[in-house]
Amino acid sequence: MALNQQWFDDMEARIPHDGVRTRFAPSPTGYMHVGNLRTALYTYLIARHAGGKFILRIEDTDQGRLVEDATEIIYNTMRSCGLTWDEGPDVGGPVGPYIQTQRRSFYAEYAKLLVERGHAYYCFCDKHEETEEEEGNFQKEEDPCRNLDPEEVAARLANGDPYVIRQRIPHEGQTTFMDAVYGAITVDNDTLDDQVLLKRDGLPTYNFANVVDDHLMGITHVVRGAEYLSSAPKYNLLYEAFGWEIPTYVHCSSVMITDPETGAVRKMSKRKGDPSYEDLIQMGYLSQAVVNYVSLLGWAPHGELSEQEFFTLDELVKAFEISGISKSPSAFDMEKLNYFNATYLRSMTPEAFAEVARPYIRQAVTNEAYDADVIASLLQARCERLTDIPEKVDFFDVLPEYGVELFTNKKSKTNSEVSLDMLEKTVPVLSALESWTQESIHDTLIHLAESLGVKNATLMWPLRISIAGKTVTPGGAVELCYILGKEETLRRMELGIQKLKG
């Protein structure tokens, strides 16, 4: 069947030429892992830094691995990270569709164009002869279809024989490609295989669809992981075969992690149980902290910003330069992420912190009489992750079981006898207190300690143990008494007295 040149001309005419255009092209095969998030972030920052366009494209040609609702997860993750797109499946654009399976007819036409130009060929080998259709592991000299007679090809096509279309890689010579991070890389062509471009079901392979779509969408910068460096020569050969301009490649080094079981350093992998973006959010990390931390996994700002760690997304847009991307693998460190998250939590306004903390507080403090926002005020400077909160505040609802040994504290100079004495002398004083405010509780207890000739801690320690049943609490005795209220405070103190009396 003759190719329709007018159709190709019309496709070329649609291509935008409006400055920098980048794309994030995830497969809807599961959650967004950290490496994917970093790719999306860098792709977004390159576009925004240059005042260009950021495109979202869904690559769903791997039908066997599709996960239900994964596309919505991608949308939600991107939006929660602030990575808004200018064109995409849900917002449209001049070069749609933006979902690969909806572009199915495009790939077949371009694959046949390559066949006509001698840069690809029909392969009719039985599927079981292929070890991996996506990769196309035939050695050139072993591929029986590479040099089939054109008449035999036409006859087999007319007969309806199933086929794939493979790229015809030159046997001789070398291919050199330029990468913005790694520089010039040259490979011998005889090390490259004749990869499959179009599969038997008519869908393209990942490598072919990327080249066609990136060209037709006017993509100027292609950002991806360093694991795709080995595929870049094949991309170049495809661009050259079509006569298309080659985009700027930006390959990012791997994100590494220390395996918690073996202690070995390896690439992060969801299959190994490493946390995805969604996992990190469920673990109590703020999206802003995750984005900030991930931005520094393989990139560093230049100049006067070289020592800066904390960036808003807008600040990242201004600071981001491709030259700051490192060739060296980066290490994902949960402790470092904890540091970022704690800093973000503490920098929030009290109102904003209370808003994000409230659901976690209510997991443990179901008694509506206890003000969640007041409890939040105690927590803001004392937690690294939001998921730390329930365990820190569970004593409000139910006083936990605890032993009298908690009353002994060397620094506060308390033991069981001292603690009993302090509690027995504190109960009547707090019972007589008419105004139950933090200020009145504080002043009363400080005055009592002074009148007893003891340090404040000697009085406060047994009081805090009796009302919380814990040695570590978010807030001291005064704050806890105020939140619990007079009646509950006195009830718990009496329980403490009975425990100390044995």
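Note that the structure is a prediction, hence the values are computed from the model and not measured. (Residues numbered from 1 in each chain as written. Predicted model: local features only at pLDDT ≥ 70, side-chain atom pairs only at ≥ 80, totals over all residues. Heavy atoms only, no water.)

1. Quick look at the overall build of the chain
Counting its secondary structure elements, the chain contains 19 helices and 12 strands. Computed over its C-alpha atoms, the radius of gyration of the chain comes to 32 Å, more than 25% above the 23 Å expected for a compact globule of 502 residues. Based on the C-alpha atoms only, the size of the chain along its principal axes is roughly 105 × 45 × 35 Å. Per-residue burial over the chain gives 51% buried out of 502 residues. Pairs at least 24 residues apart make up 74% of the contacts formed inside the chain by residues separated by at least 6 positions. By element, 50% of the accessible surface of the chain is carried by carbon and sulfur atoms, the whole surface being about 23300 Å². Of the charged side chains in the chain, 49 are positive and 77 negative; the average position of the first set lies 5 Å away from that of the second. (Helix = DSSP H or I, 4+ residues; strand = E, 2+ residues; numbered from the N terminus. Rg over C-alpha atoms; globule rule 2.2 N^0.38 Å. Buried < 20%, exposed > 50% of the residue type's maximum accessible area, 1.4 Å probe, protein only. Contact = heavy atoms within 4.5 Å. Areas by Shrake-Rupley, 256 points an atom, 1.4 Å probe, with all protein chains shown as cover. Lys, Arg positive; Asp, Glu negative; His and termini not counted. Charge placed at Lys NZ, Arg CZ, Asp CG, Glu CD.)

2. A short note on the layout of surface pockets
The probe, sized like a water molecule, is rolled over the atoms to show the empty space still left. Put simply, the largest pocket is a space of about 1500 Å³. Contributing to the lining of the largest pocket are 44 residues, with His33, Asn36, Arg65, Glu227 and Tyr228 lying nearest its centre. Looking at the lining of the largest pocket, the elements that each hand over two or more residues are β1 (21-24), α2 (34-49), α6 (206-216) and β8 (221-225). Take the lining of the largest pocket: its biggest share by element is 5 residues, from α2. Within the lining of the largest pocket, the residues separate by chemical class into 15 nonpolar, 15 polar and 14 charged. (1 Å grid on protein atoms, 1.4 Å probe; cavity = no way out; pocket = protein on both sides within 12 Å on 5 of 7 lines; lining within 4 Å. Points joined across faces, edges and corners; volume = space filled by probe spheres on them. Nonpolar A, V, L, I, M, F, W, Y, C, P; charged D, E, K, R; others polar.)

3. Observations regarding the environment of Glu368
Of note, Glu368 is situated in the loop between α12 (350-364) and α13 (372-379). Its relative accessible area of 61% is what places Glu368 among the exposed residues. At 3.4 Å, the side chain of Glu368 forms a polar contact with the side chain of Arg362. (Polar contact = N/O pair within 3.5 Å; in protein donor to acceptor, adjacent residues only side chain to side chain.)

4. Observations concerning empty space enclosed by the protein
Scanning the model with the defined rule gives 2 cavities of 30 Å³ or more in all. In this structure, the largest cavity spans a volume of roughly 40 Å³. Lining the largest cavity, in full, are Met11, Arg14, Ile15, Val95, Gly96, Arg103, Phe106 and Leu216. Across the lining of the largest cavity, the residue classes tally to 5 nonpolar, 1 polar and 2 charged. Approximately 30 Å³ is the volume found for the second largest cavity. Lining the second largest cavity are Asn210, Val211, Asp214, Val222, Arg224, Tyr235, Tyr239 and Tyr249. Among the secondary structure elements, those contributing two or more residues to the lining of the second largest cavity are α6, β8 and α7 (232-242).

5. A word on the packing of aromatic side chains
Across all of its chains, the model carries 27 aromatic pairs by this definition. Centroid distance Phe124 to Tyr163: 6.2 Å. Interplanar angle 70°. Geometry classified as edge-to-face. On the criterion of sequence distance, the pair formed by Phe124 in the loop between β3 (120-123) and α5 (150-158) and Tyr163 in the loop between α5 and β4 (164-167) is long-range, its members being 39 residues apart. Members of the aromatic cluster, each reached through a chain of ring pairs, are Trp7, Phe8, Phe106, Tyr110, Tyr239, Phe242 and Trp244. One Lys or Arg, Lys499, reaches over the ring of Tyr402 and ends 4.6 Å from the middle of that ring. (Phe/Tyr/Trp six-rings, centres within 6.5 Å; stacked < 30°, edge-to-face > 60°. Lys NZ or Arg CZ within 6 Å of the ring centre and 35° of its normal.)

6. What to know about the pattern of salt bridges
Opposite charge on two side chains makes pairing possible when the charged atoms of those side chains draw close. Enumeration over the complete set of coordinates arrives at 26 salt bridges. In this structure, the salt-bridge partner of Arg103 is Asp213, at a minimum N-O distance of 2.7 Å. One end of the pair, Arg103, is in the loop between α3 (70-80) and α4 (104-116); the other, Asp213, is in helix α6, and 110 residues separate them in sequence. Classification of Arg103 as buried rests on a relative accessible area of 1%. One network of salt bridges, in which partners are shared, links Arg23, Arg57, Glu59, Arg103, Asp213 and Asp214. (Salt bridge = Lys/Arg side-chain N within 4 Å of Asp/Glu carboxyl O.)

7. Thoughts on the pairing of strand β9 (residues 248-252)
In terms of burial, β9 is a largely internal element, 4 of the 5 residues being buried. Alignment of β8 against β9, held across 5 bridges, turns out to be parallel. Within β9, the position partnered with Gly225 by the bridge is Cys252. Since β8 and β9 lie parallel, the crossover through α7 that links them has a hand, and here it is right-handed. (Pairing = 2+ DSSP bridges. Right-handed = clockwise from strand over helix to strand, strands pointing away.)

8. Section: the sheet that holds β3
Strand order in this open sheet of 3 strands is β3-β4-β7, and the pairing throughout is antiparallel. Two strands bound the open sheet, and with one partner strand each, they are β3 and β7 (196-198). Each adjacent strand pair in this sheet contributes to an overall mean axis angle of 40°, direction not counted. When β4 meets β7, the two strands line up antiparallel, connected through 2 bridges. Its bridge partner being in β7, Arg166 is matched across the sheet by Val196. (Axes fitted to C-alpha atoms, helices over the stretch in contact; angles between N-to-C directions.)

9. Topic: the pairing of β4
Covered by surrounding structure in β4 are Val164 and Arg166 together with Ile165 and Gln167, the residues of both alternating faces. Note: β3 against β4, 4 bridges, orientation antiparallel. Looking at the pairing, Tyr122 lines up with Ile165 of β4.

10. Quick word on the environment of Val265
Its place among the elements puts Val265 in strand β11 (residues 265-267). Of the residues examined, Val265 reaches a relative accessible area of 58% and is grouped as exposed. Sequence separation of Val265 and Ala331 is 66 residues, and the distance between their C-alpha atoms is 8.8 Å. Apart from residues no more than four positions distant in its own chain, Val265 is found in contact with Met256, Ile257 and Thr258.

11. Here's the deal with unusual backbone geometry
Note the cis peptide between Gly96 and Pro97, where omega equals 0°. With respect to the element layout, Pro97 can be found in the loop between α3 and α4. At Asp69, a position not held by glycine, the phi torsion is positive, near 70°. Turning to its location among the elements, Asp69 is positioned in the loop between β2 (53-56) and α3. Residue classification places Asp69 among the exposed positions, given a relative accessible area of 52%. At Lys413, a position not held by glycine, the phi torsion is positive, near 60°. Relative to the elements of secondary structure, Lys413 occurs in the loop between α14 (389-393) and α15 (416-431). The exposed category is assigned to Lys413, whose relative accessible area is 55%.

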